[in-house]
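# Examining the three-dimensional arrangement
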Amino acid sequence: MPPNKKKILIITTNHSSYPGADAVGQARLAYEANTYIIRVPDPVMFPEDFYLGAFDKGIGGIIIMSSGSDCPYEGAYERLSKRVARVYEKMKARGIKADRLKLTTICTVCRAAFLKEISEMEKAVAAA
Amino acid sequence: MDEKIKEEASKDNYRQEPKVGVYICHCGGNISDVVDVKKVAEELSKYPGVTVAREYPFMCSSNGQDLITEDIKNLGINRTVVAACSPSLHDLTFRGVLQRAGVNPYLHEHVNIREQDSWVHKLDHAGATAKAIKLAQAGVEKVRRKDPLNAIRVAAEQRVAVIGGGVSGMRAALSAAGKGLEAVILEKGPRLGGKLLDLGRLYPSGEEASAVVKKLEDLVRADKKITVHTDADIDFVGGFVGNFKINFKLPGGKSQQVKAGAIVMATGYEHYKPYKGEFGYGEAANVLTLPEFISLMKKLPAGRLEYGGREIKSLALIHCVGSRQVEGVHKPQADGKINDYCSRVCCTAAINTANQIKEKYPGVRIYDVYRDIRTYGMMHESYYEQASKNGVLFFRHTETDQPVVTSDRTGHNVKVKDVLTWGEELEFKADLVVLVTGLVPSDISLIKSQMKMPSSADRFLQEVHLKLRPVELANAGIFIAGAAQYPMDSTEAMASAGTAASKAGILLAEPDIPLEPFVAVVDEKKCTGCGLCPAECSYDGALTMSEKNGKKVAVVNPALCKGCGACVAVCEPRAIDVAGWTLAQFDAMVEAIAKE
């Protein structure tokens, strides 16, 4: 990994995308090492300023890997989508490119989708 | 807090200066072949707040665990970070080490440098090492901000309510009773047995479905720990793990209530009902569904297969009716969705029926029209082989080229673009068309909405994790048995029911239930009483506004809170957090990760 490569923060869920990220490792698939996975019960807990604060701290890109329609928490995904839409508005106001934040759905076995999201974010971060 | 809910007695309520021990696992060579573990330990030993950092070949071994115990004893370590495999494997192992050494088990953080580092960055040793350092540092930041937590204990009713009195429900009640629990079956129909009452000879045992029902019912009725209510019309389900309440009405309008520590949802399925005109159903005579045909066959004597007074000499089975539907090809259901899932059991049921027809009425010609044959299950492929030997003719179509049934007074004409003959359009006459219909979820919308039970995209009840927690709903204390979860046959349904009852038995093994303390907590000093958070909460009664010491504050019911954190995001003064997963922890982790 080149030393100055911008870091990508990947927010995963305990129930779904964190085991999905494990599945990628179990299959010995590869992606770049500038990727940092944190896990939460559900990303719905983060307020808008959490994302903006992460960009301010120097994070290059953020992928929110939610559980989508498989989310075990009632109404959480809908609330998360609305919140992310508000984050995009604030990013626009600050001149942060929209492709540096991505809300997606990753299941426990979504290995290809996981890699695709990282690959796309790598491009967005490199172009930023 | 409700009088039935209390915090587990704390082993350590200390507020000592955090002393973090960091332990880097080689995992044989799984990690250390890629990650420079010595460098990680060296870097971490210099990190603020870290008292000691060590690397070891197998941290999960008893020698590895002893290292931590010794450091707790000799160096006063009161928080640990273990950088190793996935937390799904050993988070609990290391929590146990802390607990045995007298440290609060929730003052541990497990960092994944195997599945999410060494295994995915094999060709980038420097990158993987740098990442391991950052992840471990983020772990230190998190654990430094952790508070000791204590499991929540809830007094529990030693009773299981089983909703549904089919085979799954009866099996679940018997298993629960076998574990010493009381079980109450609430069945909406007039009899126990559910869908099995309509079926005939079952695969793989060859037993009559009615005999299986009788056997189970006799056991249920003889068990003093099981109470059965048939014709029970449930109008309310509420409460929380350990303390559920179910109100139901019996014929005559008499209301009753069951209190239960756990609920088993054995609500089963419905057969897909073809719409009017689907392959002639409801319009042409002699078009039946497979369940209707099985009911018919049960009543008919051997020798002559007849329907509507006419002898049936040829019969077409059409598979995947109401299952594996394709957008743009099939008509959507009432909710606008298509049933794109496979109903799993219908292929075997259809071919088993074809073999029974051949056995009972050898002269009847059977045409089996399918998209894919999926006789999943031990030895079930042999039914297909048997059917082929019995002379059943198979035709295979694609998902877009559906078979076409046209009917007149002489019978039905079935046209199939047959893949097995390289797309040739074949046509045959059939006296009877049997639609092999799929399974759809039962209508349990009232219970689902009252308890906020999650459904999958297929509308069946959704388990937390198909492999790790296969019979649990996200709602603590509610388990799924049988085809309420997804289409399954009676053998699978009974196995699933036994599992659900076992989980309920484990939950209710003690009069007080311990729960993970990862629920919302309110800092009353910071709470401004704005009232924004209850509106974000999807769970009735989990988060309310209340007067405390003359001040309006948010109050959490820890037994009802699911710990999703939806309330956290809307709290501007950051007065609410999910215990163990606080925003301050995540901010500090991101800071550590971002820092060059």
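This is a predicted model, so every value here is computed, not measured.

As a further point, take the overall build of chain B. What chain B contains, in helices and strands, is 14 helices and 31 strands. Each principal axis of the C-alpha distribution contributes one length, and for chain B these read about 90 × 65 × 45 Å. Among the 596 residues that make up chain B, the fraction classed as buried is 50%. Contacts in chain B between residues far apart in sequence, at least 24 positions, make up 70% of those at least 6 positions apart.

To continue, consider the interface of chain A and chain B. Taken together, the contact pairs 41 residues of chain A with 47 residues of chain B. No other element matches the six residues that helix α1 (residues 17-26) of chain A contributes to the side of chain A that touches chain B. Looking at the side of chain A that touches chain B, its residues break down into 24 nonpolar, eight polar and nine charged.

A few words on helix α2 (residues 62-75) of chain B. Residue and element names in this part refer to chain B. Its 14 residues give α2 an end-to-end C-alpha distance of 19 Å, which sits within 8% of 20 Å, the value for a rise of 1.5 Å per residue. Lining the buried residues of α2 we find β2 (20-25), β3 (50-56), β4 (79-84) and α3 (87-100). Once α2 ends, the next one or two residues include Gly-76, with phi positive near 70°.

The next point concerns the pairing of strand β5 (residues 108-112) of chain B. All names here are of chain B. Buried residues dominate β5, accounting for five of its five residues. Of the two faces of β5, the one lined by His-108, His-110 and Asn-112 and the one lined by Glu-109 and Val-111 are each fully buried. Here β4 runs beside β5; their pairing, made up of five bridges, is parallel. Looking at β5, one finds that Ala-84 is bridged to Asn-112. You can see the chain leave β4, run along α3 and come back into β5, and the turn it takes is right-handed.

Here we take up the sheet that holds strand β20 (residues 393-396) of chain B. Residues and elements named next belong to chain B. Judged by pairing direction, the sheet is parallel, and its five strands sit side by side in the order β15-β24-β18-β19-β20 without closing on themselves. With one partner strand each, in any of the chains shown, β15 (287-289) and β20 form the two edges of the open sheet. Here the average twist between neighbouring strands, direction ignored, is 20°. Sheet topology note: the strand β18 (residues 314-321)/strand β19 (residues 365-370) ladder contains five bridges and is parallel.

The subject of this paragraph is the environment of Ser-496 of chain B. All names here are of chain B. Considering the arrangement of structural elements, one finds Ser-496 in helix α12 (residues 490-507). Residue Ser-496 is classed as buried on the basis of its 26 C-beta neighbours within 10 Å. Here the alpha-carbon distance between Ser-496 and Glu-591, two residues 95 residues apart in the chain, equals 46 Å. In this structure, Ser-496 is in contact with Ser-168, Val-471, Ala-481, Gly-482, Gln-485 and Met-488, ignoring residues within four places of it in sequence.

Note: most residues except glycine have negative phi, and most peptide bonds are trans. All names here are of chain B. With an omega of -5°, the peptide bond running from Tyr-203 to Pro-204 counts as cis. Structurally, the position occupied by Pro-204 is in the loop between β8 (182-186) and α7 (209-222). Even without glycine at this site, Phe-279 takes up a positive phi of about 55°. Mapped onto the elements, Phe-279 comes out in the loop between β14 (269-271) and β15. A positive phi is found at Asn-286, a non-glycine position, where the angle reads about 65°. Checked against the element boundaries, Asn-286 lands in the loop between β14 and β15.

Here the focus is the confidence of the model for chain B. Residues and elements named next belong to chain B. Per-residue pLDDT for chain B has a mean of 93; in total, 97% of the residues score no lower than 70. Contacts for the low-pLDDT stretch residues 9-14, under 50 throughout, to residues beyond four places or in other chains number nine contacts. Across the interfaces of the predicted complex, the ipTM metric reaches 0.97, alongside a pTM of 0.70.

Looking now at the nonpolar core. All names here are of chain B. By size, the foremost hydrophobic cluster in this structure holds 232 residues, and its most contacted members are Ala-83 and Val-264. Among the elements that line this core, the one with the most residues is helix α5 (residues 125-144), at nine residues. Look past the residues within four positions of Ala-83 in its chain and what remains in contact with it is Ile-24, Cys-25, Val-40, Val-111, Ile-113, Ala-132, Leu-135, Ala-136 and Gly-139.

Residues and elements named next belong to chain B. For the pair helix α1 (residues 37-45) and α5, interaxial distance at closest approach is 9 Å and the crossing angle is 35°. Once α1 is placed against α5, the crossing between them reads as right-handed. Touching Lys-39, Val-40, Glu-43 and Leu-44 of α1 are Thr-129, Ala-132, Ile-133, Ala-136 and Gln-137, all from α5. Residues that form the contact of α1 with α5 fall into these classes: five nonpolar, two polar and two charged.

All names here are of chain A. Here four strands make up an open sheet; going across it, the order is β2-β1-β3-β4 and the pairing parallel. Each having just a single partner strand, β2 (35-40) and β4 (101-105) make up the two edges of the open sheet. Strand-to-strand twist across the sheet, computed as the mean angle between neighbouring axes with direction ignored, equals 20°. In this structure, strand β1 (residues 8-13) lies alongside strand β3 (residues 61-66), joined through four bridges in parallel fashion. Paired with Leu-9 across the bridge in β3 is Ile-62. Packing against the sheet, helix α3 (residues 76-94) makes contact with β3 and β4, and its axis sits at approximately 165° to β4.

How each quantity is defined
- Residues numbered from 1 in each chain as written.
- Chains lettered and ligands numbered in written order.
- Predicted model: local features only at pLDDT ≥ 70, side-chain atom pairs only at ≥ 80, totals over all residues.
- Helix = DSSP H or I, 4+ residues; strand = E, 2+ residues; numbered from the N terminus.
- Buried ≥ 20, exposed ≤ 12 C-beta atoms within 10 Å, placed from the backbone.
- Contact = placed C-beta atoms within 7 Å.
- Nonpolar A, V, L, I, M, F, W, Y, C, P; charged D, E, K, R; others polar.
- Expected span 1.5 Å × (residues − 1).
- Pairing = 2+ DSSP bridges.
- Right-handed = clockwise from strand over helix to strand, strands pointing away.
- Axes fitted to C-alpha atoms, helices over the stretch in contact; angles between N-to-C directions.
- pLDDT = per-residue confidence, 0-100.
- Core = buried A, V, L, I, M, F, W, Y, C linked by C-beta atoms within 7 Å.
- Left-handed = near helix turned anticlockwise from the far one by under 90°.

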